[in-house]
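Examining the three-dimensional arrangement
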Protein chains: 2
Amino acid sequence: MIVRVLGSAAGGGFPQWNCGCANCVGQRNGKLGPPRTQASCAFSIDGARWFIIGCSPDIRAQIEATPALWPRAHRDTPIAGILLPNGDIDNTLGLLNLRESQPLHVYATAAVWRGFVEGNSLYRTLERQPDQVTWHELEDRRAQTIDGFELMAISVPGKLPPHLRDAEPDAAHNVAFVVRAGARAFAWLPTVAAPSTTLAAIAHEVDVLFFDGTFFTESELDGLSARTARQMSHWPLGGEDGSLEFLSELPCRRVLVHINNTNPILDPTSDAHARVLAAGVEIAHDGFELSL
Amino acid sequence: MIVRVLGSAAGGGFPQWNCGCANCVGQRNGKLGPPRTQASCAFSIDGARWFIIGCSPDIRAQIEATPALWPRAHRDTPIAGILLPNGDIDNTLGLLNLRESQPLHVYATAAVWRGFVEGNSLYRTLERQPDQVTWHELEDRRAQTIDGFELMAISVPGKLPPHLRDAEPDAAHNVAFVVRAGARAFAWLPTVAAPSTTLAAIAHEVDVLFFDGTFFTESELDGLSARTARQMSHWPLGGEDGSLEFLSELPCRRVLVHINNTNPILDPTSDAHARVLAAGVEIAHDGFELSL
């Protein structure tokens with residue numbers, strides 16, 4: 001199984017269009033490495049058919065940056081399925097970019113899928129022909145076999161997307177994906193609001209854990225947002241009860257994704273960056289690829 | 001006045017994610033020049049405050065490719081306004097990419113704006129604070145003075161966006177923009193379905209005309225779409241009654257934008273490309289800039 005990170009940044013990407021923080025300015029000045037698109041990965045069992053997790057607003061650029069995802073015929077795509085971990089715009093808006101009448105197969109819980117399609121007039125763009133989008137419903141903790149791998153969606157602490165802020169909370173609005181092929185497995189968790197026993201159980205079942213690296217500190221958005229990291233449903237890495245301590249004790253390979261533009265780990269000279277590496281945790285970049 | 005083309009491609013961009021036509025393959029192989037993002041331009045009177053026309057799904061990449069549009073403070077944008085020529089996803093979806101609580105000023109006719117916001121649950125992402133989006137209504141052929149320039153929206157033959165296909169047709173669903181500063185003016189017309197006397201009147205009033213270069217031939221999508229160029233509301237360039245003949249006779253500078261991935265003019269060795277240049281018409285690329 002091959003897993004390739006298409007996008008490693010949190011919502012808004014890195015740099016963020018309206019942000020002039022030290023990280024964003026540093027990136028624009030060429031001092032902090034390449035830019036990062038919004039979190040998404042692609043995986044394949046055979047190297048020919050690919051599934052992507054998260055359909056970010058940057059999907060068009062992500063596909064063009066990834067030759068394995070290019071069409072092999074006049075109208076074609078090697079993308080056999082799209083898995084949605086939650087209903088945030090970061091994870092769903094890209095579907096509207098894929099509007100060229102190509103049949104799409106979407107895998108999502110009812111909470112995530114209904115939150116995207118219901119009351120969404122723009123979605124009619126994807127209903128121009130009967131087979132344009134096929135939704136495959138995922139249920140919490142029920143494994144499905146798809147095309148040579150086993151997929152399980154597991155609800156983890158998260159939040160409702162901003163456009164559904166008045167809706168009824170439902171645990172299935174935010175899920176981890178565990179993908180298993182034979183004896184090897186990885187998990188994708190771009191949004192984790194808080195520790196839970198479920199997280200530890202997932203982490204001990206997989207070879208590679210892609211984990212929420214949004215914020216380093218609880219107060220990282222002070223002056224920019226009225227909310228803290230945890231209030232935004234992202235368990236920060238640092239601090240006494242931060243996720244880095246949890247991650248440091250796991251036996252699997254651990255890779256941070258969904259990194260916010262404000263996160264000091266983006267600066268390789270920072271103390272935060274050094275602490276992450278010292279904990280044995282990796283920091284994904286766009287195009288980061290591994291086999292398992 | 002400076003005008004910069006941020007994106008020169010039609011909907012889907014160039015290459016298009018699921019297209020393996022000779023043009024798209026040629027681009028991916030490095031033979032047809034740089035890729036193209038979806039049609040949009042930015043203009044400025046003073047070089048400090050910018051307005052953009054069309055808010056494409058590629059807006060994030062377009063801003064990062066354009067240093068003049070980078071923030072100059074911790075949270076900031078030089079983008080003072082966003083003008084929407086029609087309600088197609090190509091021209092509107094980017095608004096949802098600009099969701100980081102930055103106040104946005106949008107200029108659009110009631111038909112275009114209502115077609116985007118009404119019944120669109122995702123739009124609530126832009127309603128998280130009272131001043132997040134301010135809509136400035138444009139009326140057909142009524143000039144407004146904004147920040148040192150005069151703006152006029154003029155309805156031209158077009159079509160309803162796909163997600164509004166059952167709505168009541170309204171001429172104000174597709175407009176040309178004429179932007180005038182002092183004695184100089186340009187017009188932006190990415191979608192023109194057919195010739196009209198209005199087009200000729202606009203063309204004789206401006207110094208530069210950015211014009212619909214979507215298709216070269218009426219049958220360009222044979223085998224890919226059941227509809228012809230005109231049925232898709234794009235007057236093709238070639239043929240006896242094509243737009244190239246109209247354009248060739250105009251006294252102003254003429255620049256093609258909104259070029260579809262299938263258009264042979266994208267290949268500089270093609271006869272179509274040579275015919276466009278022979279008619280005195282220019283072909284925009286992303287980053288194409290002019291002063292007037």
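Residues numbered from 1 in each chain as written. Chains lettered and ligands numbered in written order. Predicted model: local features only at pLDDT ≥ 70, side-chain atom pairs only at ≥ 80, totals over all residues. Heavy atoms only, no water.

1. Quick notes on the overall build of chain A
A count of helical and extended segments in chain A gives eight helices and 14 strands. In terms of C-alpha radius of gyration, chain A reaches 18 Å, essentially the compact-globule figure of 19 Å for 292 residues. Principal axes of the C-alpha set define a box for chain A whose edges measure 50 × 40 × 40 Å. The 292 residues of chain A split such that 62% are buried. Long-range contacts, defined here as pairs at least 24 residues apart, represent 66% of the contacts in chain A between residues at least 6 apart. With the model as given, the accessible surface of chain A reaches about 10,400 Å², and the carbon-plus-sulfur share is 50%. Once the 23 positive and 33 negative side-chain charges of chain A are each reduced to a mean point, those two points are 5 Å apart. (Helix = DSSP H or I, 4+ residues; strand = E, 2+ residues; numbered from the N terminus. Rg over C-alpha atoms; globule rule 2.2 N^0.38 Å. Buried < 20%, exposed > 50% of the residue type's maximum accessible area, 1.4 Å probe, protein only. Contact = heavy atoms within 4.5 Å. Areas by Shrake-Rupley, 256 points an atom, 1.4 Å probe, with all protein chains shown as cover. Lys, Arg positive; Asp, Glu negative; His and termini not counted. Charge placed at Lys NZ, Arg CZ, Asp CG, Glu CD.)

2. Side note on the relation of the copies chain A and chain B
Note on the copies: chain A fits chain B at an RMSD of 0.0 Å, the axial shift is 0.0 Å, and the rotation between them is 180 degrees. Expressed as an axis order, the relation between the two copies is that of a two-fold axis. Closest approach to the rotation axis within chain A is made by the C-alpha atom of Asn120(A), at a distance of 2.3 Å. The share of interface residues of chain A whose copies in chain B are also at the interface is 100%, consistent with both copies meeting through the same surface. (Least-squares fit on C-alpha atoms with pLDDT ≥ 70 in both.)

3. Describing the interface of chain A and chain B
Taken together, the contact pairs 53 residues of chain A with 53 residues of chain B. With both sides pooled, the region where chain A packs onto chain B buries about 5,000 Å², and carbon together with sulfur makes up 53% of that total. Applying the counting criterion to the chain A and chain B interface returns eight salt bridges. We note a salt bridge from Glu64(A) to Arg28(B), for which the minimum N-O separation is 3.0 Å. Applying the counting rule to chain A against chain B returns 34 residue pairs in polar contact (both at pLDDT 80 or more). Breaking the side of chain A that touches chain B down by element, the ones donating at least two residues are helix H2 (59-64), helix H3 (89-92) and helix H4 (94-97) of chain A. Among the elements that make up the side of chain A that touches chain B, the one with the highest residue count is H2(A) (three residues). Looking at the side of chain A that touches chain B residue by residue, the class counts come to 20 nonpolar, 17 polar and 16 charged. (Buried area = accessible area lost by both parts, 1.4 Å probe. Salt bridge = Lys/Arg side-chain N within 4 Å of Asp/Glu carboxyl O. Polar contact = N/O pair within 3.5 Å; in protein donor to acceptor, adjacent residues only side chain to side chain. Nonpolar A, V, L, I, M, F, W, Y, C, P; charged D, E, K, R; others polar.)

4. A word on helix H8 (residues 271-278) of chain A
Residues and elements named next belong to chain A. For H8, the full list of buried residues reads Ala 272, His 273 and Val 276. Taken down its axis, H8 places every buried residue within 100 degrees of arc, on the same side. Facing away from the buried surface of H8 by more than 90 degrees, the exposed residues are Asp 271 and Ala 278. The inward-facing, buried residues of H8 contact helix H7 (243-248), strand S12 (253-257) and strand S13 (282-283). Taken from the residues just after H8, Gly 280 is the one with a positive phi, measuring 80 degrees. (Arc of directions from axis to C-beta.)

5. Overview of the sheet that holds strand S3 (residues 50-53) of chain B
Residue and element names in this part refer to chain B. Strand order across the open sheet formed by seven strands is S6-S5-S4-S3-S2-S1-S14, with mixed pairing between neighbours. Each end of this open sheet is capped by a strand with a single partner; those strands are strand S6 (133-138) and strand S14 (289-291). Mean inter-strand twist for the sheet, computed between neighbouring axes without regard to direction, equals 20 degrees. Looking at chain direction, S3 and strand S4 (residues 79-83) are connected through four bridges and run parallel. The residue of S4 that forms the bridge with Trp 50 is Ile 79. Along the sheet face, helix H5 (residues 110-117) touches strand S5 (104-109) and S6 and points at about 120 degrees away from the line of S5. (Pairing = 2+ DSSP bridges. Axes fitted to C-alpha atoms, helices over the stretch in contact; angles between N-to-C directions.)

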